[in-house]
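# Understanding the architecture of this molecule
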Amino acid sequence: MSTFNKVTDELVQELKSVLGEKGVTVDPEKLDVYKTDEEGNSYWFHTPEVVVFPETTEQVAEVVKLANKYLVPITPRAAGSGVACGAIPVHGGMVMELDRMDKILKIDTDNMYAVVQTGVRTSVIQKTVNEYGLLYAGDPCSADSCQIGGNVATNAGGNKAVKYGTTRNQIYGMKVVTPTGDIVDVGARLQKCSTGYCLEQLICGSEGTLGIVTEVTLKLRPLPPYKFDLVAIFKEDEKGFALPNKILKAGLEPTSIEYMDNKALSMCSKFCKVSLPHVDEGCCYVIITVETFDEDELDKKMEKLSDLCDAMGAVDVIQADDRIWGCRRQFAEAARDIDIMFVAEDFVVPLEHIAEITSKIPGLEEKHGIYSVTSAHIGDGNIHVLPLNVDKLSPIEWMEKMEGFHKDLFDEVYALGGKMSGEHGIGYKKLHDFKRCTPPGEYKMICAIKKALDPNNILNPSKIINVDDQ
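Residues numbered from 1 in each chain as written. Predicted model: local features only at pLDDT ≥ 70, side-chain atom pairs only at ≥ 80, totals over all residues. Heavy atoms only, no water.

The name given to the protein chain in an unreviewed UniProt entry is FAD-binding oxidoreductase, with Megasphaera stantonii as the source organism. In its Cofactor (unreviewed entry) section, the UniProt entry covering the protein chain states "FAD". (UniProt positions renumbered as here; feature names shortened; annotations may be inferred.)

Okay, here's the thing in structure tokens:
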């Protein structure tokens, strides 16, 4: 079991000697900002004792060494856009805010890679490389607000994961400060490598528990000049859920396949103040994007996809314009507008089980007395069910209701060969469910890795694994 010390005046002075006066704050009003990330339920809030703002990798390393010296935990933080309580300082201590490390250090257009600091916003990377005719394929829905460091920490997915994979698939290597304060470079700008452990892949998705990423070398790709966005509209959800495998087997190579149920469409269209076709008829949407480098190929794929949607029983097939994509991207914000304590599930199942798992949601809603809306990256089986606290329960009442819902939901997910998180991560919020659902041998390996790399349990304790299990 880890025992942490309180932040002392002596530690604060040493931090200031490393970071300067403006790089450290203990101002209560400023500390209060860091008690949560995107979590709206005050049950989960914890306020840090100090917040630090490093600007270089070397400063990060010196701060980590001080944390080990004083046995004070560090919670690394990017934009704070996570929804699994991953950036909440559960044990107080220190929050390390990385948003001052926000430079694009290099773009190599010939060799198609970029080197960026951890605090660069994802949308800035996307737009900057687009100007060179290149694509950064990582595309979480929160791209305008999230930072690349947070994407790496959670192995963020998003709309384009069907074709390009998650953040893990966009990385050549990274510069990392280890839990004991060493600076290491992991990975390499190679097309293949079987030289030792794949450390960059291990650290990506480790949620700041195995190291603090300060720079990332990203893969870039040619930007396809032609694309179309199509919406297949269905009255029966099951017909929409059967579409992804048909599209993939047809060789259409979609960039994204997104789903919104009727309740989500109604909520988002109201929030965005737009009118959407067939929503009043109780229909759901499947939004498909296809990109190519040849205009004739695009036309052929569009025709083939439209015919396929008709054959699957779509009541209409239309172009996905800005209204529709705007509603999809504002899904979480529309839910937050109704209820700041909404819960963002992101479980993932094999494609053939999407219809089966979603068919169980109404029964779970009835059993636990909740109302939820659903969107999904159905091209990769990643389902976002958002329970909304429409009855305005207290923070602890809502948390207890969600505990019961999660137990039943995750049991169903794992029975179908799924996992509880496809892209948001475990964080603090799913800590106990993760241990319950993970086979003991696998959980033991995870704990052993954490203990070996972070002997003092300094980095983001009580995230992914229980602090008492290290």
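Back to the write-up after that little detour.
Of regular secondary structure, the protein chain possesses 18 helices and 17 strands. Rg of the C-alpha trace for the protein chain: 22 Å, near the compact-globule value of 23 Å for 470 residues, within the 12% margin. With respect to the principal axes defined by its C-alpha atoms, the protein chain has extents near 70 × 55 × 45 Å. Taken over 470 residues, the protein chain has a buried fraction of 54%. (Helix = DSSP H or I, 4+ residues; strand = E, 2+ residues; numbered from the N terminus. Rg over C-alpha atoms; globule rule 2.2 N^0.38 Å. Buried < 20%, exposed > 50% of the residue type's maximum accessible area, 1.4 Å probe, protein only.)

This next bit is on the sheet that holds strand E15 (residues 316–319). Pairing in this open sheet of six strands is antiparallel, and the strands run E15-E12-E14-E13-E16-E17 from one edge to the other. Each having just a single partner strand, E15 and strand E17 (382–388) make up the two edges of the open sheet. With direction set aside, neighbouring strand axes in the sheet form an average angle of 20°. The strands that helix H10 (residues 262–272) touches are strand E13 (256–260), strand E14 (284–292), strand E16 (371–377) and E17; relative to E16, the one it contacts most, it runs at about 95°. (Pairing = 2+ DSSP bridges. Axes fitted to C-alpha atoms, helices over the stretch in contact; angles between N-to-C directions. Contact = heavy atoms within 4.5 Å.)

This part is about the UniProt feature "domain: FAD-binding PCMH-type" (unreviewed entry) in the protein chain. Within this structure's numbering, the places UniProt gives as "domain: FAD-binding PCMH-type" (unreviewed entry) are residues 44–223. In residues 44–223, the share of helix is 22% and the share of strand is 25%. The end C-alpha atoms are 41 Å apart.

Glancing now at the side chain of arginine 328. Along the chain, arginine 328 turns up in helix H12 (residues 322–329). A distance of 2.9 Å separates polar atoms of two side chains, one belonging to arginine 328 and the other to glutamate 258. The contacts of arginine 328, once residues within four sequence positions are left out, are Cys141, Asn159, Glu258, Met260, Ile287, Ser375, Ala376, His377 and His384. (Polar contact = N/O pair within 3.5 Å; in protein donor to acceptor, adjacent residues only side chain to side chain.)

Moving on, we get to the pattern of salt bridges. Applying the stated criterion across every chain, the model contains 26 salt bridges. Across the pair glutamate 55 and arginine 100 runs a salt bridge, and its minimum N-O distance is 3.8 Å. Remark: arginine 100 occurs in the loop between strand E4 (94–97) and strand E5 (104–108) and glutamate 55 occurs in the loop between strand E2 (50–52) and helix H3 (57–70); sequence separation between them is 45 residues. A relative accessible area of 33% means that arginine 100 is categorised as partly exposed. Beyond isolated ion pairs, a larger network of salt bridges with shared partners links Lys407, Asp411, Asp433 and Arg436. (Salt bridge = Lys/Arg side-chain N within 4 Å of Asp/Glu carboxyl O.)

The tally for this structure, following the rule as stated, stands at five aromatic pairs. On the numbers, 6.2 Å between centres and 55° between planes, the contact of phenylalanine 434 with tyrosine 443 is tilted. The class of tyrosine 443 is buried, set by a relative accessible area of 7%. One residue, lysine 263, lies across the ring of tyrosine 371, its end atom 4.6 Å from the ring centre. (Phe/Tyr/Trp six-rings, centres within 6.5 Å; stacked < 30°, edge-to-face > 60°. Lys NZ or Arg CZ within 6 Å of the ring centre and 35° of its normal.)

Another point: the packing of helix H1 (residues 9–19) against H3. Axis separation between H1 and H3 bottoms out at 10 Å; the angle between their running directions is 165°. With respect to their mutual orientation, H1 and H3 come out roughly antiparallel. Between H1 and H3 lies a crossing of right-handed hand. Across the interface between the two elements, Glu10, Leu11, Glu14, Leu15, Val18 and Leu19 of H1 pack against Gln59, Glu62, Val63, Leu66, Lys69 and Tyr70 of H3. Across the contact of H1 with H3, the residue classes break down as seven nonpolar, one polar and four charged. (Parallel < 35°, antiparallel > 145°, perpendicular 65-115°, else oblique. Left-handed = near helix turned anticlockwise from the far one by under 90°. Nonpolar A, V, L, I, M, F, W, Y, C, P; charged D, E, K, R; others polar.)

Take the sheet that holds strand E1 (residues 24–25) next. An order of E1-E2-E4-E3 is seen for the four strands of this open sheet, with the pairing classed as mixed. Strands with a single pairing partner mark the edges of an open sheet, and in this sheet they are E1 and strand E3 (74–77).

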